[in-house]
Amino acid sequence: MFRRWLCTSLPHSLPTFPPLTAKPKPTLLNSLTRLSIPSTPTRHSSSQSKMGDTNRIPSIDKADRSELLRALESSLGSSFSSEPIRPEPNPLIIVICGPSGVGKDALIQRLRDSRRNLHFVITATTRPKRLTEVHGQDYYFVSKEEFLSMVERDELLEYALVYGDYKGVPKQQIREFMAKGYDIVLRVDIQGAQTLRKVLGKSAVFIFLVAESEAAMVERLVDRRTETVESLLVRIATAKEEVKHVKNFDYCVVNAQGKLENAVKLVESIIDAEKARVRQRSAVI
Ligand SMILES: Nc1ncnc2c1ncn2[C@@H]1O[C@H](COP(=O)(O)OP(=O)(O)OP(=O)(O)O)[C@@H](O)[C@H]1O
């Protein structure tokens with residue numbers, strides 16, 4: 001393991017030295033001795049230009065820090081840049097999906113409270129407003145005519161007819177906030193996620209939220225008391241089908257009963273990990 005580290009982490013340009021006497025048996029200690037940087041610069045003139053003039057560098061034990069840094073810079077012939085080594089990560093598009101009643105809105109509300117620089121896209125819908133909902137905050141509640149004219153003008157990234165009502169994602173909002181450096185959160189149903197996968201491919205992060213079990217999923221939907229019995233039956237039947245689509249997502253997050261906070265933390269970790277990716281996703285709308 002240690003030998004492997006040595007092989008992979010030491011630069012290949014480090015000088016090696018011919019043995020002074022008979023060739024010693026290769027041991028880990030020998031390897032270390034051969035690879036270590038020698039204390040006197042006179043014995044390896046070929047690499048001197050790369051290493052700089054070590055004579056001009058004051059003693060590490062005695063020199064003060066800034067003096068030492070300046071001497072190192074001058075010896076290497078270049079100053080140390082304060083520019084970030086990692087480029088600024090690209091704005092992310094995060095698609096959150098999951099069966100009805102699993103807790104998507106609840107999770108998004110917590111993310112809204114805990115995380116800055118996220119823009120939660122407000123979906124346009126023709127569904128009637130629920131009592132607690134606010135126009136322009138929860139949804140843009142529009143008429144069917146208004147919605148269809150948005151479709152005609154190609155203003156929606158995706159749209160679908162869900163339980164008899166239209167729902168769609170306005171493009172302009174996404175463009176505007178991505179340009180300001182915000183990450184975008186989209187809350188869509190399974191049809192929406194499928195369409196977005198076709199449109200955005202791997203350029204967005206797709207997260208599927210599930211309850212810990214089918215029973216928990218149904219209980220949560222029932223406890224919300226927002227649906228008629230007919231609507232409940234449709235939602236439950238649909239939800240049972242929807243969980244089969246989990247394989248098309250990048251991440252699956254369990255929102256267990258009473259553990260919403262854990263689900264929120266996991267989604268935050270996913271966002272953080274995505275930001276640390278070497279090959280960044282790059283969405284263009
Ligand atoms: N981890 C949890 N434990 C217990 N209750 C929860 C949890 N997460 C959410 N809930 C509750 O479950 C109900 C359904 O949640 P929510 O409305 O967020 O679901 P949804 O996925 O957005 O549903 P829909 O797709 O039908 O709009 C709400 O009353 C919410 O407060």
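Residues numbered from 1 in each chain as written. Predicted model: local features only at pLDDT ≥ 70, side-chain atom pairs only at ≥ 80, totals over all residues. Heavy atoms only, no water.

Draft legend 1. Structural view of unusual backbone geometry. A positive phi angle, close to 60°, is found at D154, a residue other than glycine. If you trace the backbone, D154 turns up in the loop between α6 (144-152) and β5 (156-162). A positive phi angle, close to 55°, is found at R225, a residue other than glycine. Positionally, R225 belongs in the loop between α9 (214-224) and α10 (229-242). (Helix = DSSP H or I, 4+ residues; strand = E, 2+ residues; numbered from the N terminus.)

Draft legend 2. Highlighting the nonpolar core. Counting 24 residues, the largest nonpolar core has I94, L107 and L111 as the members making the most contacts within it. At the level of secondary structure, the elements contributing two or more residues to this core comprise β1 (93-97), α5 (104-114), β2 (118-120), β8 (205-210), α9 and α11 (260-275). Once residues within four sequence positions are removed from consideration, L107 is found in contact with I96, L209, L260, A263, V264 and V267. Core analysis: the second largest hydrophobic core is formed by 22 residues, V121, F177, L186 and L200 among them. (Core = buried A, V, L, I, M, F, W, Y, C linked by side-chain atoms within 4.5 Å. Buried < 20%, exposed > 50% of the residue type's maximum accessible area, 1.4 Å probe, protein only. Contact = heavy atoms within 4.5 Å.)

Draft legend 3. Looking closely at the sheet that holds strand β6 (residues 165-170). One open sheet holds the 4 strands; their spatial order is β4-β3-β6-β5, and the pairing between them is mixed. At either end of the open sheet lies a strand with only one pairing partner, and these are β4 (140-141) and β5. Alignment of strand β3 (residues 124-125) against β4, held across 2 bridges, turns out to be parallel. Following the sheet pairing, A124 is matched in β4 by Y140. Running at roughly 25° to β6, helix α7 (residues 171-179) makes contact with β4, β5 and β6 of the sheet. (Pairing = 2+ DSSP bridges. Axes fitted to C-alpha atoms, helices over the stretch in contact; angles between N-to-C directions.)

Draft legend 4. A look at the sheet that holds β1. With respect to topology, 5 strands assemble into an open sheet ordered β2-β7-β1-β8-β9, the strand pairing being parallel. Strands with a single pairing partner mark the edges of an open sheet, and in this sheet they are β2 and β9 (251-254). Strand-to-strand twist in this sheet, taken as the mean axis angle between neighbours without regard to direction, amounts to 25°. With 3 bridges joining them, β2 and strand β7 (residues 183-187) adopt parallel strand pairing. Looking across to β7, one finds that L118 is bridged to D183. Packing against the sheet, α7 makes contact with β1, β2 and β7, and its axis sits at approximately 155° to β7.

Draft legend 5. Region of the structure containing the packing of aromatic side chains. With the rule as written, the count across this model stands at 7 aromatic pairs. Here the aromatic rings of F147 and Y166 are separated by 5.1 Å at their centres, their planes lie at 20°, and the arrangement is stacked. In this pair, F147 is assigned in helix α6 and Y166 in strand β6, connecting sequence segments 19 residues apart. Residue F147 shares its accessibility class with Y166, and that shared class is buried. (Phe/Tyr/Trp six-rings, centres within 6.5 Å; stacked < 30°, edge-to-face > 60°.)

Draft legend 6. Quick look at the confidence of the model for the protein. Averaged over the protein, the pLDDT score is 83; the fraction of residues at 70 or greater is 81%. Throughout residues 1-48 the model reports pLDDT below 50, and contacts reaching past four residues in sequence, or to other chains, amount to 27 contacts. (pLDDT = per-residue confidence, 0-100.)

Draft legend 7. Here's a closer look at α9. Considered for burial, the residues of α9 that qualify are A216, M217, R220 and L221. Down the axis of α9, the buried set is contained in an arc of 135°. They therefore lie on one face. Buried residues along α9 sit in contact with α10. (Arc of directions from axis to C-beta.)

Draft legend 8. Layout of the site of the ligand. Surveying the vicinity of the ligand reveals 18 residues, the closest of which are S100, A106, R187, N255 and G258. Here a nitrogen atom of the ligand sits 2.7 Å away from a polar atom, N or O, in the side chain of N255. Here a nitrogen atom of the ligand sits 3.4 Å away from a polar atom, N or O, in the main chain of L260. Burial of the ligand by the protein amounts to 79% of the accessible area it has alone, namely 640 Å². Mapping the ligand onto the cavity grids shows that it belongs to the largest pocket. Contributing elements (two or more residues each) for the shell around the ligand: α5 and α9. Top contributing element to the shell around the ligand by residue count: α5, with 3 residues. (Near = heavy atom within 4 Å. Polar contact = N/O pair within 3.5 Å; in protein donor to acceptor, adjacent residues only side chain to side chain. Areas by Shrake-Rupley, 256 points an atom, 1.4 Å probe, with all protein chains shown as cover. 1 Å grid on protein atoms, 1.4 Å probe; cavity = no way out; pocket = protein on both sides within 12 Å on 5 of 7 lines; lining within 4 Å. Sits in = over half its atoms within 2 Å of the grid points.)

Draft legend 9. Just the layout of surface pockets, in detail. Size it by volume and the largest pocket reaches roughly 720 Å³. K104, D105, A106, Q109 and R187 are the residues nearest the centre of the largest pocket, which is lined by 32 residues in total. Where the lining of the largest pocket is concerned, the elements lending two or more residues are α5, β7 and α9. With 6 residues, α5 is the single largest residue contributor to the lining of the largest pocket. The residue makeup of the lining of the largest pocket, split by class, is 12 nonpolar, 10 polar and 10 charged. (Points joined across faces, edges and corners; volume = space filled by probe spheres on them. Nonpolar A, V, L, I, M, F, W, Y, C, P; charged D, E, K, R; others polar.)

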